[in-house]
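Examination of the molecular architecture
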Amino acid sequence: MSPQATKNSPVPGVRKYPKNWRWGILFILPWLIGFCILQAYPLIMSLYYSFTDFSILSEGKWIGLDNYKRLFTKDKYFMKSLALTFKYALMAVPMKLIMALIVAMILNMKLKCINLFRTVYYLPSIMGGSVAISILWRFMFMKEGMINKFIGVFGIPSVNWLGDPDIALVTISLLVVWQFGSSMVLFLAGLKNVPTELYEAAEVDGANKWTKFWSITLPMLTPIVFFNLIMQIIHALQEFTSAFIITSGGPNHGTYLIGVKIYEDAFQNLKMGYASASSWVLFVAILIITLLVFRSSSAWVFYNDGGTD
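Quick caveat, the model's predicted, so the values are computed rather than measured.

Overall, the coordinates contain three salt bridges when judged by the stated rule. Ionic pairing is found between lysine 261 and aspartate 75, a salt bridge with its closest N-O pair at 2.7 Å. Of this pair, lysine 261 sits in helix H13 (residues 258-268) while aspartate 75 sits in the loop between helix H3 (66-73) and helix H4 (78-107); the two residues are 186 residues apart in sequence, bridging distant segments of the chain. For aspartate 75, a relative accessible area of 16% gives the class buried. For lysine 261, the salt bridge goes to aspartate 265, with nearest N and O atoms at 2.7 Å. Of this pair, lysine 261 and aspartate 265 both sit in helix H13, four residues apart, roughly one helical turn. If you follow the salt bridges from partner to partner, you end up with Asp75, Lys261 and Asp265 in one network.

Given below as structure tokens:
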């Protein structure tokens, strides 16, 4: 084969790159640099530090698995904080998805000023995770706060929203439920893509609204439910702001989520190596739960082509 033919015609088994591939690398270089410096490097170093007694004030020394052994055998708060985090996720994630789906179905109706309502309902997701909103939430649910004054109008006795360990966890989970806007937008997009022919055929067969929801709407939305479920589980298991700002992990460690514990170990007790070990245990837990959800998706996630995941 001549050199000219080799240059102009692709050789079987050899990938031919476009002439301007260097420009592509140049354009994504800022992202690559940011990823390596701000994500990949800290991730690798945290794994290394989890096997050391590293502190901000001193150079760490290699101690092997001692941090992990201490977490599961000597730290009385680690397993409790991990269990509370799972309990928090079990409460917050379903409530948030249900609320997002209900509001999406309402906003999918043909109503006046519907675009304004969609914007208003999305606003909590923009500012709901901020420190300022967490402080506002604390003042709303305090003993003499707005919520107790409101329910007092109806003769309902005041509730110790932030002073009771069992109720406090529910209270901070409500803040996450309030931020349903992003999930709601995805559900709304999914509802727009449900073929109207399916509803018309169901009406001909005499199906009511409840039957159409369970037989048509929900199955068609399962890919979006699956995506929202994965994202919200990951977010809930890493929750920090609400538990730290509203209750500081109290009362009686009733809202002492794993994110708060990692923060205290790292920046208050200055045990960076120990906090890194906790972070990696949380990472593995999130990874396992995510994989389990993926494995289960084949049984309940359906796509428009009639197949499953």
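Now that the structure has been shown, the text picks up again.
This brings us to the nonpolar core. Membership of the largest hydrophobic core comes to 59 residues, with the highest contact counts inside it found for Tyr88, Phe141, Ile172, Met184, Phe187, Leu221 and Leu257. Apart from the residues lying within four places of it in its own chain, the contact partners of methionine 184 are Ala100, Val103, Ala104, Leu107, Arg118, Tyr121 and Tyr122.

This paragraph deals with the packing of aromatic side chains. All told, the structure shown has 23 aromatic pairs when counted by the stated rule. Ring geometry for tryptophan 31 against phenylalanine 35: centres 5.2 Å apart, planes inclined by 10°, an arrangement best described as stacked. Linking tryptophan 31 with phenylalanine 35, this pair stays in helix H2 (residues 21-49), spanning four residues, or about one helical turn. An aromatic cluster is built from Tyr48, Tyr49, Phe51, Phe54, Trp62 and Tyr68, whose rings are joined through pairwise contacts. Directly above the aromatic system of phenylalanine 139 lies the positively charged group of arginine 138, at a separation of 5.6 Å from the ring centroid.

Cut-offs used in this document
Residues numbered from 1 in each chain as written. Predicted model: local features only at pLDDT ≥ 70, side-chain atom pairs only at ≥ 80, totals over all residues. Heavy atoms only, no water. Salt bridge = Lys/Arg side-chain N within 4 Å of Asp/Glu carboxyl O. Helix = DSSP H or I, 4+ residues; strand = E, 2+ residues; numbered from the N terminus. Buried < 20%, exposed > 50% of the residue type's maximum accessible area, 1.4 Å probe, protein only. Core = buried A, V, L, I, M, F, W, Y, C linked by side-chain atoms within 4.5 Å. Contact = heavy atoms within 4.5 Å. Phe/Tyr/Trp six-rings, centres within 6.5 Å; stacked < 30°, edge-to-face > 60°. Lys NZ or Arg CZ within 6 Å of the ring centre and 35° of its normal.

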